[in-house]
Amino acid sequence: KEETPKSDSVQKELRSPICCIMGHVDTGKTKLLDCIRGTNVQEGEAGGITQQIGATYFPAENIRERTKELKADAKLNVPGLLVIDTPGHESFTNLRSRGSGLCEIAILVVDIMHGLEPQTIESLNLLKMRNTDFIVALNKVDRLYGWKTCRNAPIGKAMKLQSKDVQMEFNNRLTQVITQFKEQGLNTELYYKNKDRGETFNIVPTSAISGEGIPDMLLLLVQWTQKTMIERLTFSNEVECTVLEVKVVEGHGTTIDVVLVNGVLHEGDQIVGPIVTTIRALLTPHPMKELRVKGTYLHHKEIKAAQGIKITAQGLEHAIAGTSLYIVGPNDDLEDIKATAMEDMKSVMSRIDKS
Ligand code: GDP
């Protein structure tokens, strides 16, 4: 059965920004992902969210719905947001070699009770090195003593409901975290107080358990990327595609999970990684509700960026995570593309050797 993904006819020119989650262990990265994915699922409707291969796709509609309490006037011009499930792809994150980077923006998660921790600083250094923009999710605000739950509320609204003591503890901890970032050479500020957004990174207080601040986080990610990265988010027919994982899947042989950053992939496209082969199938898992149907995938004739996709083809056992996938177009010279792919592979391999 062939199915094509829903096309978003309104926003033709822009592709979805890609976001990843980083931070110290136990700060709540997985929980945050669960939380942003799960809100509507618990009510029996996934709101168009699809958990894809190594990534979760949030259509703009879903984000609009979840952020409506914030009464943001700014339009959402991107078709949605693609969040890479980094906790499972940590090794990949560290391998990312190319200047442009895979993600437009990262969520750096900090536990409000712990402040900056060793892996927070490691993540920061990676972000600096790759020149990747980020926002800070100051997570676990619900652990402040006496916190009143305000499920899925914007953080401003939730904060107003808190006692003076809670507000004071929050401010103290926030100030400490801002000081710690300063020690790392970075200016940060609570996002709704941040007047100097170019130089000062935004902090969004969140709870991955009760959902406070999640609307703010989603809106900030989308608005910030579409405001500052229009050029980069402009849809292009030039395929930009990165291999996340190489794995054997029963019934499909060796497959690769990729993130299609830009362009369109078609069944039958000739691809060049370490080897030259032809796309046999473009697969995505079923939408959220049917995730339990293990091992079955939706087939697509073509898929438009940005999306997470599983590709089946002959010879994929030679593919390498972290490398780019190149498409041979009608006017392309295969030898040129092979040479480019080889260069790319070498640079990824040298990084693996170094780490
Ligand atoms: P990860 O290692 O960064 O992926 O962290 P997890 O998402 O696995 O979370 C680590 C622990 O912190 C788990 O026990 C979560 O239930 C808990 N946790 C995560 N986020 C929150 C939060 O916002 N509030 C509270 N109270 N606990 C949280």
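Residues numbered from 1 in each chain as written. Predicted model: local features only at pLDDT ≥ 70, side-chain atom pairs only at ≥ 80, totals over all residues. Heavy atoms only, no water.

Where an unreviewed UniProt entry is consulted, the protein appears under the name Eukaryotic translation initiation factor 5B, with the organism given as Erythranthe guttata.

This part takes up the overall build of the protein. Secondary structure summary: the protein contains nine helices and 18 strands in total. With 355 residues in all, the protein has 54% of them scored as buried. Counting only contacts in the protein whose residues sit at least 6 apart along the sequence, the fraction spanning at least 24 positions is 73%. For the protein, the exposed area adds up to about 16700 Å²; of that, 50% sits on carbon and sulfur atoms. (Helix = DSSP H or I, 4+ residues; strand = E, 2+ residues; numbered from the N terminus. Buried < 20%, exposed > 50% of the residue type's maximum accessible area, 1.4 Å probe, protein only. Contact = heavy atoms within 4.5 Å. Areas by Shrake-Rupley, 256 points an atom, 1.4 Å probe, with all protein chains shown as cover.)

This next bit is on the site of the ligand. Around the ligand, the surrounding shell holds 15 residues, and the nearest of these are Asp26, Thr30, Lys31, Asp142 and Ala208. Between the ligand and the protein, one listed contact pairs an oxygen atom with a backbone N or O atom of aspartate 26 at 2.7 Å. Here an oxygen atom of the ligand and a backbone polar atom of threonine 27 are 3.3 Å apart. In isolation the ligand exposes 580 Å². Once the protein is present, 74% of that is buried. The element contributing the most residues to the shell around the ligand is helix H1 (residues 29-38), with three residues. Counted by class, the shell around the ligand contains three nonpolar, six polar and six charged residues. (Near = heavy atom within 4 Å. Polar contact = N/O pair within 3.5 Å; in protein donor to acceptor, adjacent residues only side chain to side chain. Nonpolar A, V, L, I, M, F, W, Y, C, P; charged D, E, K, R; others polar.)

Quick look at the nonpolar core now. Counting 94 residues, the largest nonpolar core has Met217 and Ile311 as the members making the most contacts within it. The element best represented in this core is helix H7 (residues 214-228), accounting for eight residues. Not counting residues within four places of it along the chain, the set of residues in contact with isoleucine 311 comprises Thr255, Ile256, Val258, Leu265, Ile271, Ile279, Ala281, Leu282, Leu316 and Leu325. Counting five residues, the second largest nonpolar core, distinct from the first, contains Tyr326, Val328, Ile337 and Ala341. (Core = buried A, V, L, I, M, F, W, Y, C linked by side-chain atoms within 4.5 Å.)

Moving on, we come to the sheet that holds strand S10 (residues 253-262). One open sheet holds the eight strands; their spatial order is S13-S12-S18-S9-S10-S17-S14-S15, and the pairing between them is antiparallel. Across the chains shown, the open sheet's two edge strands, defined by having one partner strand only, are strand S13 (276-278) and strand S15 (297-300). Taken pair by pair, the neighbouring strands of this sheet meet at an average axis angle of 40 degrees, ignoring direction. Bridge count for strand S12 (residues 270-272) against S13 is three bridges, and the pairing is antiparallel. In the sheet register, glutamine 270 faces S13, and the bridge partner there is threonine 278. (Pairing = 2+ DSSP bridges. Axes fitted to C-alpha atoms, helices over the stretch in contact; angles between N-to-C directions.)

Another aspect to go through is the environment of valine 78. Among the structural elements, valine 78 can be located in the loop between helix H2 (60-66) and strand S4 (80-84). For valine 78, a relative accessible area of 1% puts it in the buried group.

On to the confidence of the model for the protein. Residues with a pLDDT of 70 or more make up 83% of the protein, whose mean pLDDT is 84. Looking across the protein, the model is least confident in helix H3 (residues 90-95), with a mean pLDDT of 47, and most confident in helix H6 (residues 164-183), with 98. Taken as a whole, residues 87-100 scores under 50 in pLDDT and shows 36 contacts with residues more than four places along the chain or in a different chain. Complex prediction metrics read pTM 0.87 and ipTM 0.99. (pLDDT = per-residue confidence, 0-100.)

Here we take up the packing of aromatic side chains. Summed over the entire model, instances satisfying the criterion amount to two aromatic pairs. With 4.2 Å between their ring centres and 10 degrees between their planes, phenylalanine 134 and phenylalanine 201 make a pair best called stacked. Placement of the pair is phenylalanine 134 in strand S6 (residues 133-139) and phenylalanine 201 in strand S8 (residues 201-205), with a sequence separation of 67 residues. Each of the two residues, phenylalanine 134 as well as phenylalanine 201, counts as buried. Taking 5.4 Å as the distance between ring centres and 80 degrees as the angle between the ring planes, the aromatic pair formed by tyrosine 191 and tyrosine 192 counts as edge-to-face. A relative accessible area of 36% places tyrosine 192 in the partly exposed class. Just above the ring of phenylalanine 235 sits the side chain of lysine 304; from NZ or CZ to the centre is 4.6 Å. (Phe/Tyr/Trp six-rings, centres within 6.5 Å; stacked < 30°, edge-to-face > 60°. Lys NZ or Arg CZ within 6 Å of the ring centre and 35° of its normal.)

Quick look at the environment of valine 259 now. Examined against the element boundaries, valine 259 turns out to sit in strand S10. For the pair valine 259 and glutamine 180, spaced 79 residues apart in sequence, the C-alpha to C-alpha distance is 34 Å.

Turning our eyes to something else, we now look at the pairing of strand S3 (residues 55-59). With respect to burial, S3 is a largely interior element, five of its five residues being buried. Residues Ala55, Tyr57 and Pro59 point to one face of S3 and Thr56 and Phe58 to the other, with burial holding for every one of them. By the bridge criterion, five bridges tie S3 to S4 in an arrangement that is antiparallel. Across the sheet, residue proline 59 finds its bridge partner in S4, namely glycine 80.

The final tally for this structure, using the stated rule, is twelve salt bridges. For lysine 68, the salt bridge identified is with glutamate 65, shortest N-O distance 2.7 Å. Judged by its relative accessible area of 54%, lysine 68 falls in the exposed class. Note that lysine 140 is salt-bridged to aspartate 111, the shortest N-O span being 3.4 Å. Pair noted here: lysine 140 is in the loop between S6 and helix H5 (155-160) and aspartate 111 is in strand S5 (residues 105-111), with a separation of 29 residues, a long-range link. Like lysine 140, the residue aspartate 111 is buried in the burial classification. One connected set of salt bridges, linked through shared partners, spans Glu245, Lys247, Asp257 and Lys310. (Salt bridge = Lys/Arg side-chain N within 4 Å of Asp/Glu carboxyl O.)

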